[in-house]
Amino acid sequence: MDLKILKIFVVMASIFLIFSSVFRLLNMYYVVYVVTLILLWAYLGQCWNICYGYAGLLSFGHAAFLGVGAYTSTLLLINYNVTPWIGMLIGGGAAALIGLIMGIPTLKLRGAYFALATIAVAEMVRLITLKLDFITNGPLGLLLPTNLSPLYFYFEDTFHWFIVSLAMLIALLAISYKLENSKLGMALRAVKENEAAAASLGVSLFKYKMIALLLSAFFTGVGGVFFAQFVGYIRPDIVLPPERSDEILLVPLLGGTGTLLGPVIGSVIFIALKHVFLAFFGGGMAGAYLILYGALIMFIVLFMPQGIYPYLSKILVRCKLKA
Amino acid sequence: MITLDVMLQLLGFGTVLGGIYALASLGLGLAWGLMHVVNFAHGEWIMIPMYLTYWLSIIFGLDPYLIIPINMALGALIGFASQVLLFEPASKRGGGALMTILSTMGLSLFMIGVAQALWKQTFYSLPNPYIDTYLAMGPVSISEAHMIAFAFSCIAISAIYLFFKKTLIGKAILATSEIIGDPEAASIMGINTGKIRVLSMMIAGASTGIAGTLIATFYYIYPNVGITWCLLAFVIVIMGGLGSFQGLFIGGVIVGILEAIGSLILGSAHSYILVYAVYLLFLYLRPKGLMGRR
């Protein structure tokens, strides 16, 4: 890992650390909670980014991975007393299995077919979760036990949740960086730039796309386990609805797809906007969020397809030049 | 117990439902097959006419079938606005076809949000005399609302088919299509492809207007109703094959029967599990569909 990216990671982590430490010392735990949410969404956004930003796979169904990860580890915890630290791996694996179902029929086809499969699989997973109510408790969902210890992925202090989410995000970003600069990353970039040319040079499109999809699904599943433990309550309309998929894809779109820091920037803006909306409408106005998400997606497509990242890096470069 | 009578009822009802589904997917098939716009807002294009049908028939006491022309105009207007304000600029912005798809997703969320804000998460159903009268043919009994919708669907699809095959404008539209024709060759021959694209999107919108009116006569009306119909339309267009009119009917009937079987096995709330599973199998085994051209 070269020095420049290491520096960026250290700076980013320190900003988050100092910010939350200050607010923790001020006993303003709500701010720490919001920062944790920002990190969680940045993490999920980066998962989606591996799919779209690197491999050019447009997914409308990441909620399926999130939900399957969350349900798998929670069911293991409730029924077999398996610690979610292990459940994370199993949940991620289960999510990757769902990724396999999406990928096998569609990754050989070009165009919109993958997007169509993701939305159908996500809807299928939601319906099956509702149908298997003797296991999943149907629409009522599952309440996680609260008498847990850190050994069982539960912390009393919001600050500890923050530390875990920061560690997860940094780990994922480091893995993504490795991925970008590996043979796999180069192959994926080649596939995204020009599918036909890459294929003619002997790049196996199916294999590389599948690896990207499985990685993305696995890490989203792991994020789902964090989500379940952090929120303490999972329900199909919390972890599996189409809106959740749209929120996940909105984060990297806002920040800038195909970049490492895009999802982090996007997540800051996304959570901020969400809280402004919460302050204005207080959950009273139905549909307000969907209007916001829809308008944002249309705005980004029409006026800044690269997201905010290019503008921000331009400003940074200008500052450096002046200094 | 599954007896012969139950089987016949399933087949009969599935076929009628399938015919209606064919019309409900026509708009999506046109937008995708003719203009390469994979329209994730298709379900919401159906949802808005459903609400208009409800309000017009509640306030003015209009017969739902008299509202079809109004909804066609509304649908065409939605198609026009979407194409001119969103799809065309999005496709010109670069970033590839995926950006256009994303823009349709944005439109879909926006429309659902507006519907939720205006009409809340309430389930409306249209009070009309047609849904409670049943037509019985032997063991098969189907409500009048479904039968009339089926008839309208057949007429509308045949009319649009004839429009494409027989009229000059229809032929120009087919020539401009990326899958059936060749847009570059068409523009060299003097066809204004930009205008044709707007016109095709208006036809797609008008067909969702008819579909929305008909669906409103037998289905619940609520803001998220579009998600189901949009997915069904995708399934049908893929199964039938892109760019094929006969395929729409075949895909529609398959889905209709599958849904009937699914609701028998899994219960009506979860019947789509079976539909989506067969859809994924289709994508794997025959992605170009039964009657597809590619």
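The structure reproduced in this document is the subject of the present report. Residue numbers run consecutively from 1 along every chain, following the written order of its sequence. Whichever chain is written first is A, and whichever ligand is written first is 1; the rest continue in order. Totals for whole chains, interfaces and linings use all residues, but because this is a predicted model, local features are given only for residues with pLDDT of at least 70 and pairs of side-chain atoms are given and counted only at 80 or more. For side-chain calculations, the full set of non-hydrogen atoms in the structure is used, while hydrogens and water are omitted.

1. What to know about the packing of helix α12 (residues 242-255) of chain A against helix α13 (residues 262-281) of chain A
Residue and element names in this part refer to chain A.
Then step 1. For the pair α12 and α13, interaxial distance at closest approach is 6 Å and the crossing angle is 115°. When you trace α12 past α13, the crossing you get is right-handed. Residue-level inspection shows Glu 247, Leu 250, Val 251, Pro 252, Leu 254 and Gly 255 of α12 in contact with α13, the latter providing Gly 262, Pro 263, Gly 266, Ser 267, Ile 269, Phe 270 and Lys 274.
Then step 2. Note on residue categories: nonpolar means Ala, Val, Leu, Ile, Met, Phe, Trp, Tyr, Cys or Pro, charged means Asp, Glu, Lys or Arg, and polar means any other residue, Gly included. Across the contact of α12 with α13, the residue classes break down as seven nonpolar, four polar and two charged. Between N-to-C directions, angles span 0 to 180 degrees; the directions come from axes that are lines fitted to C-alpha atoms, helices contributing only their stretch in contact. Here a helix means four or more residues in a row that DSSP labels H or I, a strand means two or more in a row labelled E, and each is numbered from the N terminus. Crossing handedness: left-handed means the near helix sits turned counterclockwise from the far one by under a right angle, and right-handed means the same turn made clockwise. Contacts: residue pairs with any heavy atoms within 4.5 Å of one another.

2. Some details on the environment of Ala 199 of chain A
Then step 1. Tracing the backbone shows Ala 199 of chain A in helix α9 (residues 195-200).
Then step 2. According to the relative accessible area criterion, Ala 199 of chain A is partly exposed, its value standing at 38%. Exposure classes here rest on a 1.4 Å probe applied to the protein chains alone. A residue is buried below 20% of its type maximum, exposed above 50%, and partly exposed in between.

3. Description of the environment of Arg 197 of chain B
All names here are of chain B.
Then step 1. Position of Arg 197 among the secondary structure elements: in helix α8 (residues 193-216).
Then step 2. Between the alpha carbons of Arg 197 and Thr 176 there is a distance of 7.9 Å; along the sequence they are 21 residues apart.
Then step 3. Every residue in contact with Arg 197, bar those within four places of it in the chain, is listed here: Met 35, Gln 83, Glu 88 and Glu 178.
Then step 4. Within the structure, Arg 197 has its side chain in polar contact with the side chain of Glu 88 (distance 3.4 Å). Here a polar contact is taken to be a pair of N or O atoms separated by no more than 3.5 Å, where protein atoms must pair a possible hydrogen donor with a possible acceptor and residues adjacent in sequence count only if both atoms sit in side chains.

4. Describing unusual backbone geometry
Then step 1. The phi angle at Asn 137 of chain A is positive, at roughly 65°, despite the residue not being glycine.
Then step 2. Topologically, Asn 137 of chain A is positioned in the loop between α6 (133-136) and β1 (142-143).
Then step 3. For Asn 137 of chain A, a relative accessible area of 38% puts it in the partly exposed group.
Then step 4. Despite not being glycine, Lys 120 of chain B has its phi angle at roughly 60°, a positive value.

5. Comments concerning the pairing of strand β1 (residues 134-137) of chain B
Residues and elements named next belong to chain B.
Then step 1. Two strands make a pair as long as DSSP finds a minimum of two bridges between them. Two strands pair when backbone bridges link them, and β1 and strand β2 (residues 140-143) are joined in this way by four bridges, in the antiparallel orientation. When the sheet's bridge partners are listed, Leu 135 is paired in β2 with Ile 142.
Then step 2. In this antiparallel pair of consecutive strands, β1 and β2, the connection spans two residues, and Gly 138 shows a positive phi of 65°.

6. Overview of the packing of aromatic side chains
Then step 1. Here a Phe, Tyr or Trp ring, Trp counted by its six-membered ring, pairs with any other such ring whose centre lies within 6.5 Å, and the pair is stacked when the planes are under 30 degrees apart, edge-to-face when over 60, and tilted otherwise. Under the counting rule described, the total for this entry stands at 40 aromatic pairs over all chains.
Then step 2. Relative to Trp 32 of chain B, the ring of Tyr 113 of chain A has its centre 6.0 Å away and its plane inclined at 50°; by these criteria the two rings are tilted. Here Trp 32 of chain B lies in helix α1 (residues 4-35) and Tyr 113 of chain A lies in helix α5 (residues 113-131), a pairing that spans two chains. Each member of the pair, Tyr 113 of chain A as well as Trp 32 of chain B, is classed as buried.
Then step 3. Working rule: Lys NZ or Arg CZ, within 6 Å of ring centre, within 35 degrees of ring normal, means a charge sits over the ring. Taking NZ or CZ as reference, Lys 108 of chain A lies 4.9 Å from the ring centre of Phe 206 of chain A, over its face.

7. Remarks on helix α11 (residues 272-285) of chain B
Then step 1. Its 14 residues give α11 of chain B an end-to-end C-alpha distance of 20 Å, which sits within 8% of 20 Å, the value for a rise of 1.5 Å per residue.
Then step 2. Among all positions of α11 of chain B, only Tyr 272, Ile 273, Val 275, Tyr 276, Tyr 279, Leu 280, Phe 282 and Leu 283 of chain B are buried.
Then step 3. Next to the buried residues of α11 of chain B lie α4 (84-106) and α5 of chain A together with α1, α9 (225-240) and α10 (245-266) of chain B. Multiply 1.5 Å by the residue count of a helix minus one, and that product is the helix's expected span.

8. A look at the nonpolar core
Among soluble globular proteins, nonpolar side chains are generally buried collectively.
Then step 1. Counting 213 residues, the largest nonpolar core has Phe 16, Tyr 43 and Phe 60 of chain A together with Trp 32, Phe 40 and Leu 102 of chain B as the members making the most contacts within it.
Then step 2. Considering every element that reaches this core, the biggest residue donor is helix α2 (residues 29-55) of chain A, with 19 residues. Take the buried residues of types Ala, Val, Leu, Ile, Met, Phe, Trp, Tyr and Cys, join any two whose side-chain atoms come within 4.5 Å, and each joined set is a nonpolar core.

9. Looking at the interface of chain A and chain B
Then step 1. Chain A puts 41 residues into the contact, and the matching count from chain B is 40 residues.
Then step 2. By convention, the term buried area covers the 1.4 Å-probe accessible surface removed from two parts as they join, with the contributions of both added. Taken together, both faces of the contact between chain A and chain B bury some 3800 Å²; the carbon and sulfur share is 82%.
Then step 3. Definition used for salt bridges: Asp or Glu carboxyl oxygen within 4 Å of a side-chain nitrogen of Lys or Arg. Here chain A and chain B share zero salt bridges between them.
Then step 4. At the junction of chain A and chain B, the tally comes to two residue pairs in polar contact (both at pLDDT 80 or more).
Then step 5. Going through the elements one at a time, α4, α5, α12 and α14 (288-303) of chain A are the ones with two or more residues in the side of chain A that touches chain B.
Then step 6. Its residues placed into classes, the side of chain A that touches chain B shows 34 nonpolar, four polar and three charged.

Purely geometric numbers; function is a separate question.
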